[in-house]
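For reference, the chains in residue letters:
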Amino acid sequence: MSANSASTTETAEPKSSGFRIPKVPFWAQIVAGLVLGVVLGWITRSYDVAWLYTTLDKIGHIFVQLLKLAVAPLVFFAILVSITNLRKVNNAARLATRTLLWFMITSLIAVAIGLAIGLITNPGSGTGLTPKDGLKPEHAGSWLDFLTGIVPTDVITPFTELNVLQIVFMAAVAGIAALKLGEKAQPILTLSESILELLQKALWWVIRLAPLGTVGLIGYAIADYGWDLIGKYATFTADVYVGCALVLFGVYPLLLATVAKVSPIQFFKGAWPAIQLAFVSRSSVGTMPVTQKVTERLGVPKAYASFAVPFGATTKMDGCAAIYPSLAAIFIAQIFDVQLGVGDYILIAFVSVIGSAATAGLTGATVMLTLTLSTLGLPLEGVGLLMAIDPILDMMRTATNVAGQALVPVIVSAREKILDLDKYGSASASPVDEIEVVEEEPVRVPVAA
């Protein structure tokens with residue numbers, strides 16, 4: 001090696017640009033957005049600032065619309081690719097069965113907690129609300145609609161009307177067919193994988209806007225609903241948050257420590273970026289790329305994570321499909337003075353476990369609630385009682401959903417001895433921040449001899 005080349009190699013280093021503004025971690029940006037949103041929302045409502053109210057509404061609306069824009073194609077290609085990726089995994093059928101089993105187990109635990117809290121606190125008592133305050137929803141879910149609505153009438157409408165359940169059905173059929181075709185389907189699979197990567201890249205750009213979206217969503221919620229409305233639903237709101245917190249910070253850590261035999265604290269270190277984004281965006285599907293990233297970084301094999309996370313994002317809903325409908329059913333029954341018996345509580349548990357796919361990973365759980373109420377024979381007007389408070393509840397519900405979607409692959413991987421414990425023990429940084437660092441090419445300055 002020549003002296004010149006040695007000199008260049010030894011002294012090559014990133015260019016110094018003098019003073020640089022410290023980079024703010026993504027989680028800190030989210031927290032700042034929450035605080036700023038609360039402040040702006042309070043100012044808007046207290047001083048009736050019309051232009052600020054409109055601005056907050058538009059910012060939040062645009063952010064949610066950008067997330068929804070990617071939902072239909074993202075779900076289709078994620079499910080298709082995830083099913084075909086199972087061919088790369090040993091004991092794929094066993095892993096899929098175990099994943100579904102743990103989805104059901106955690107849902108049963110969550111719905112039991114929701115029912116227990118509801119029976120103890122009686123959230124519908126003393127609210128001042130009456131049946132007249134309810135409004136029957138335009139669209140209600142039923143078991144007949146759920147079963148017959150799985151199969152689409154054409155291939156276009158599910159994408160234009162954002163019927164995620166039908167999109168999942170078509171993707172599953174396409175994925176299974178691709179597996180049966182083998183090598184003949186490889187060009188389609190290669191294209192699907194490329195499109196999925198493209199969609200995830202575009203969605204990462206939207207995710208980077210989450211702090212700004214947080215300002216709009218939180219600010220608008222406070223400006224529009226105010227603290228007075230929240231006061232009427234104080235017990236019910238507290239019940240939902242307490243129930244979700246018990247599952248999120250009680251049940252999940254217990255399962256990690258006893259079943260998976262791994263550190264619960266380390267799980268939250270790795271999964272927190274997905275949980276905080278879910279809280280803000282209120283969309284399991286919109287959070288799915290981050291959820292998959294943190295799950296892989298927690299040591300779950302990529303081939304298995306690429307199946308389990310998309311599957312969970314459309315079917316695993318401990319917050320929206322277990323805790324919330326169980327509490328809501330008790331709340332509405334008390335408002336309408338309907339007595340629920342043991343059989344009704346068993347039905348609630350059944351609906352929570354079997355019907356959770358009806359929530360489909362989208363913002364809100366109205367379909368799941370109407371499905372529960374129609375099964376119990378409760379008035380659907382009760383849905384209208386909860387619509388005003390729904391966005392505030394949905395933040396905690398979705399955070400719980402996403403935590404569960406990352407939890408189950410970790411548990412299954414640990415039980416099957418395929419979890420990378422070294423990666424699990426080192427996962428801590430935000431994947432959003434990490435990706436930006438990886439994509440930045442280091443600048444090297446050649447030094448003359």
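The text that follows walks through the structure, step by step, so that each part is easy to find. (Residues numbered from 1 in each chain as written. Predicted model: local features only at pLDDT ≥ 70, side-chain atom pairs only at ≥ 80, totals over all residues. Heavy atoms only, no water.)

1. Regarding the overall build of the protein chain
As a reminder of what qualifies: Elements are defined by DSSP. Helices are runs of H or I of four residues or more, strands are runs of E of two residues or more, and each kind is numbered from the N terminus. Buried residues are those whose accessible area, probed at 1.4 Å on protein chains only, stays under 20% of the maximum for their type, while exposed residues exceed 50% and partly exposed ones sit between those limits. In what follows, residue pairs with any heavy atoms lying within 4.5 Å of each other are defined as contacts. All accessible-area figures derive from a Shrake-Rupley calculation using a 1.4 Å probe, and residue coverage is judged against the displayed protein chains alone.
Across its full length, the protein chain holds 20 helices and zero strands. Expressed as a percentage of its 449 residues, the buried residues of the protein chain come to 52%. Taking contacts inside the protein chain between residues at least 6 apart in sequence as the whole, the part at least 24 apart equals 85%. For the protein chain, the accessible area works out to roughly 20,600 Å², and carbon and sulfur atoms hold 65% of it.

2. A short note on the nonpolar core
Applied cut-off: Buried residues of nine kinds, namely Ala, Val, Leu, Ile, Met, Phe, Trp, Tyr and Cys, make up a nonpolar core once their side-chain atoms join them within 4.5 Å.
Core analysis: the largest hydrophobic core is formed by 77 residues, its most contacted members being Phe236, Phe267, Leu386 and Val410. Per-element tally for this core: the top contributor is helix 18 (residues 390-415), with 13 residues. In contact with Phe267, not counting residues within four places along its chain, are Leu256, Leu298, Ala403, Ala406, Leu407, Val410 and Tyr424. Ranked by size, the runner-up nonpolar core spans 44 residues in total, among them Ala72, Ile79, Leu199 and Val309.

3. Quick notes on the packing of helix 3 (residues 50-85) against helix 12 (residues 284-297)
Definition in use: Convention adopted: a line fitted to C-alpha atoms gives each axis, helices being fitted over their contacting stretch, and angles between N-to-C directions are expressed from 0 to 180 degrees. A clockwise turn of the near helix away from the far one marks a right-handed crossing, whereas an anticlockwise turn of less than a right angle marks a left-handed crossing. When residues are grouped by polarity, Ala, Val, Leu, Ile, Met, Phe, Trp, Tyr, Cys and Pro land in nonpolar, Asp, Glu, Lys and Arg in charged, and all others, Gly among them, in polar.
Where helix 3 contacts helix 12, the axes come no closer than 8 Å and their chain directions differ by 65 degrees. Crossing geometry of helix 3 relative to helix 12 is assigned as left-handed. Taking contact as the criterion, the partners of Leu67, Val71, Leu74, Val75 and Ala78 in helix 3 are, on helix 12, Val285, Gly286, Met288 and Pro289. Residues that form the contact of helix 3 with helix 12 fall into these classes: eight nonpolar, one polar and no charged.

4. Observations concerning the pattern of salt bridges
Side chains bearing opposite charge may pair, as long as their charged atoms lie close to each other. The cut-off we apply is this: The term salt bridge refers to a side-chain nitrogen of Lys or Arg lying within 4 Å of a carboxyl oxygen of Asp or Glu.
Taken as a whole and judged by the stated rule, the model has six salt bridges. A salt bridge links Glu416 to Arg94; its shortest N-O distance comes to 2.8 Å. Of this pair, Glu416 sits in the loop between helix 18 and helix 19 (421-426) while Arg94 sits in helix 4 (residues 92-121); the two residues are 322 residues apart in sequence, bridging distant segments of the chain. Of the residues examined, Glu416 reaches a relative accessible area of 17% and is grouped as buried. Salt-bridge contacts for Asp318 lead to Lys316; the nearest nitrogen and oxygen are separated by 2.8 Å. Each member of the pair Asp318 and Lys316 is classed as buried.

5. Digging into a nonpolar patch on the surface
We count it as follows: Residues forming no salt bridge and having over 30% relative accessible area are the ones grouped into patches, like charges within 9 Å of each other and nonpolar side chains (Val, Leu, Ile, Met, Phe, Trp, Tyr) within 5 Å.
A cluster of nonpolar side chains, contributed by Leu100, Met104, Leu347, Phe350 and Ile354, occupies part of the molecular surface with about 410 Å² of accessible area. Elements with a minimum of two residues in the nonpolar patch: helix 4 and helix 15 (342-354). By residue number, the principal contributor to the nonpolar patch is helix 15, which donates three residues. By the secondary structure assignment, Leu100 is in helix 4.

6. A word on the environment of Asn91
Within the secondary structure layout, Asn91 lies in the loop between helix 3 and helix 4. Put simply, Asn91 and Glu416 are 325 residues apart on the chain and 9.7 Å apart in space, counted from C-alpha to C-alpha.

7. Here's the deal with the side chain of Ser82
Our working definition: Polar contact is defined as a pair of N or O atoms within 3.5 Å, subject to the rule that within protein one atom must be able to donate a hydrogen and the other to accept it, and that residues adjacent in sequence are counted only when both atoms are side-chain atoms.
Relative to the helices and strands, Ser82 is located in helix 3. Here Ile79 takes part through its backbone oxygen, which lies 2.8 Å from a polar atom of the side chain of Ser82.

8. What about helix 15?
Condition: Expected span of a helix, by definition, is 1.5 Å for each gap between consecutive residues, and there is one gap fewer than residues.
A rise of 1.5 Å per residue sets the reference length of helix 15, with its 13 residues, at 18 Å; its end C-alpha atoms lie 19 Å apart and thus fit the reference within 8%. Inspection of helix 15 places Asp344, Tyr345, Ile348, Ala349, Val351, Ser352 and Val353 among the buried residues, and these make up the whole buried set.

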